[in-house]
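An overview of the molecular structure
Below are the chains, spelled out letter by letter.
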Amino acid sequence: MKAAKLFVRCLENEGTEYIFGIPGEENLDIMDALLDSPIRFVVTRHEQGAAFMADVYGRLTGRAGVCLSTLGPGATNLITGVADANMDHAPLVAIAGQASTHRLHKESHQVLDLEQMFQPVTKYSSRLLTPTTIPEVVRKAFKLAQTEKSGASFIEFPENVAEMEVDEQPLPVKNPLLPEPASSQVERAVQVISGARAPLILAGNGVIRARAWQQLADFAEKLNIPVANTFMAKGVMPFRHPLTLGSAGLQAKDYVHCGFEGADVIICIGYDLVEYHPYLWHPSRDRAIVHIDTMPAEVDAYYPVQVGVVGDIKHSLVRIGELATPHQGHRLRPLREALIREMKACSTDTGFPVKPQKIIWDLRTAMALEDIVICDVGAHKMWMARMFRCELPNTCIISNGFASMGIALPGAIAARLAFPERKVVAVTGDAGFMMNVQEIETAVRMNTPLVVLIWNDGGYGLIKWKQMSQFGRISNVEFDNPDFVLLAQSFGAVGVRITATEQLLPALRLALESDSVTIIDCPVDYAENLKLTATLGEMVCPI
Ligand SMILES: Cc1ncc(C[n+]2csc(CCOP(=O)(O)OP(=O)(O)O)c2C)c(N)n1
């Protein structure tokens, strides 16, 4: 058979359901081979959108999302989404066409060394120089992308190799099991945790990747230890659970930081430093850290590990949970209660533009608990991370490693394709929305009903917030927007403009019930940003 056909068979063998991308002249054979495959090709309007779709598909399913582009400019367009997946540990396999191997050694139309270009943003980057290596390269790409720490792989496929004849078969798919933790380390962790005066758990995205949320809840409950989560681990403990403290990730002080300040032992579980720098939650550098993860800890002066328990996270939690001595009392409950009071404070607010807290209240009211929010990057993300309650893991996706704007709309399309029975909302700033606005066409064409909720402030809100906090004036952060209602309509989507706060909840409910793609243009009152900075700056810990 043709090498391109073998390649597609190898993708099928890995369980690939979708490929997101844009064809080009140098991957004609793959595109043709896909016509005879059950894999669905989702044509996007920009390769960045394709990579973000694969990224979010990977986060939600734990299986590598696949994206494809042509050589040169198609591949450079993929890079941001691939880097995002890699830094956030989302499994993804990116594929790019390449010129024939006969012209890779010299200056040549659209030719870049893609294998090298993708190396810093992937775990594995490889060029297919002969068709017989296809089964190994594809298997390795998926194996590395899906094995902890999961991330991105890249395959470059020259067009002349794609059309060669080959007689090979896909390799059997076998994914490695993580080792059990060493008993000596489990025992040391048990001693430190049992002897702690005021322990605190920081749960990261690794707990979600390990699907270990039930073991985390059992561990916290059995030992009676409160749990803070990173932005990327929202929902890892149900928010309604009395031991849940909420999300840690703001650069300012917050209630949850009072927990860190008062703790003597901090148990970091499935936590990657890229999610939230330790100098922000551990400036004193003097607490004992127990690191429970699939890999040894990164070296960082603010992350002094006293005990590292490396191995299968579920197993580590069960073993330590069985042996450690439970703690008494609910010392940190006032922190949780203070946060809940803040969440509720604007629930009936009618001020306009709409306050961030009120947008979040209405969104949570309108959405079912299993529905999915994909959050973009900006001031809205900070508010969502802090105040949007999640009862289930992977119901509020936040990119907080690479933290690239533009993920929300393409990500929402992927979420809807991965879980057609659940409703999906893209929460985005006006700037991030415009970065991948063209994917509305993809959503309408693919018939993926979803809601895009734009927090409209006519500017780069987060940067404005930081400029004002630091310098008291703004520099080059304002812009004009198109008419989002007309824009939506021109794509065949529904456009809704909120002109009074009371309209938001009914608009959200209607949009969630609808079978259309709905774009809601919601003016936001970002005067609340500086008010929050001031409140947090003056905060006295309620414990
Ligand atoms: C691709 C990319 N470019 C720039 C940034 C830096 N950045 C972070 S937030 C932000 C402003 C986002 O504005 P908007 O999307 O309108 O959201 P808002 O902050 O107003 O809620 C910028 C420029 C980034 N994170 N990603």
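All values derive from a computational prediction rather than experimental measurement.

**Some remarks on the packing of helix α8 (residues 183–194) against helix α13 (residues 313–323)**
Relative orientation of the contacting elements α8 and α13 amounts to 50°, with a least axis distance of 9 Å. Comparing the axis directions of α8 and α13 gives the class oblique. Remark: the crossing between α8 and α13 carries right-handed chirality. Across from Ser183, Val186, Ala189, Val190 and Ile193 in α8, the residues of α13 making contact are Arg319, Ile320 and Leu323. Classifying every residue of the contact of α8 with α13 by side-chain character gives 6 nonpolar, 1 polar and 1 charged.

**Considering the pairing of strand β10 (residues 265–269)**
Of all 5 residues in β10, 5 are buried, a share of seventy percent or more. Here β10 shows no split at all, with Val265, Ile267 and Ile269 on one side and Ile266 and Cys268 on the other all buried. Bridge count between strand β7 (residues 199–203) and β10: 5 bridges; the pairing is parallel. Counterpart to Leu200 in the pairing with β10 is Ile266. The pairing of β10 with strand β11 (residues 288–293) spans 5 bridges and is classified as parallel. Note that in β11 the partner of Ile269 across the bridge is Ile292.

**Some remarks on the site of the ligand**
Surveying the vicinity of the ligand reveals 18 residues, the closest of which are Ala379, His380, Asp430, Leu462 and Tyr526. Here Gly459 contributes a backbone N or O atom positioned 3.1 Å from an oxygen atom of the ligand. Within the contact set of the ligand, an oxygen atom lies 2.5 Å away from a side-chain nitrogen or oxygen of Tyr526. Looking at side-chain class alone, the shell around the ligand contains 9 nonpolar, 7 polar and 2 charged residues.

**Regarding the packing of helix α20 (residues 461–471) against helix α23 (residues 527–537)**
Between α20 and α23, the shortest axis-to-axis distance is 10 Å and the interhelical angle comes to 45°. Judged by the inter-axis angle, α20 sits oblique to α23. Between α20 and α23 lies a crossing whose hand is right-handed. The segment α20 lies against α23, with Gly461, Trp465, Met468 and Ser469 engaging Asn529, Leu530, Leu532 and Thr533. Residue composition of the contact of α20 with α23, grouped by class: 4 nonpolar, 4 polar and no charged.

About the criteria used
Residues numbered from 1 in each chain as written. Predicted model: local features only at pLDDT ≥ 70, side-chain atom pairs only at ≥ 80, totals over all residues. Heavy atoms only, no water. Axes fitted to C-alpha atoms, helices over the stretch in contact; angles between N-to-C directions. Helix = DSSP H or I, 4+ residues; strand = E, 2+ residues; numbered from the N terminus. Parallel < 35°, antiparallel > 145°, perpendicular 65-115°, else oblique. Left-handed = near helix turned anticlockwise from the far one by under 90°. Contact = heavy atoms within 4.5 Å. Nonpolar A, V, L, I, M, F, W, Y, C, P; charged D, E, K, R; others polar. Buried < 20%, exposed > 50% of the residue type's maximum accessible area, 1.4 Å probe, protein only. Pairing = 2+ DSSP bridges. Near = heavy atom within 4 Å. Polar contact = N/O pair within 3.5 Å; in protein donor to acceptor, adjacent residues only side chain to side chain.

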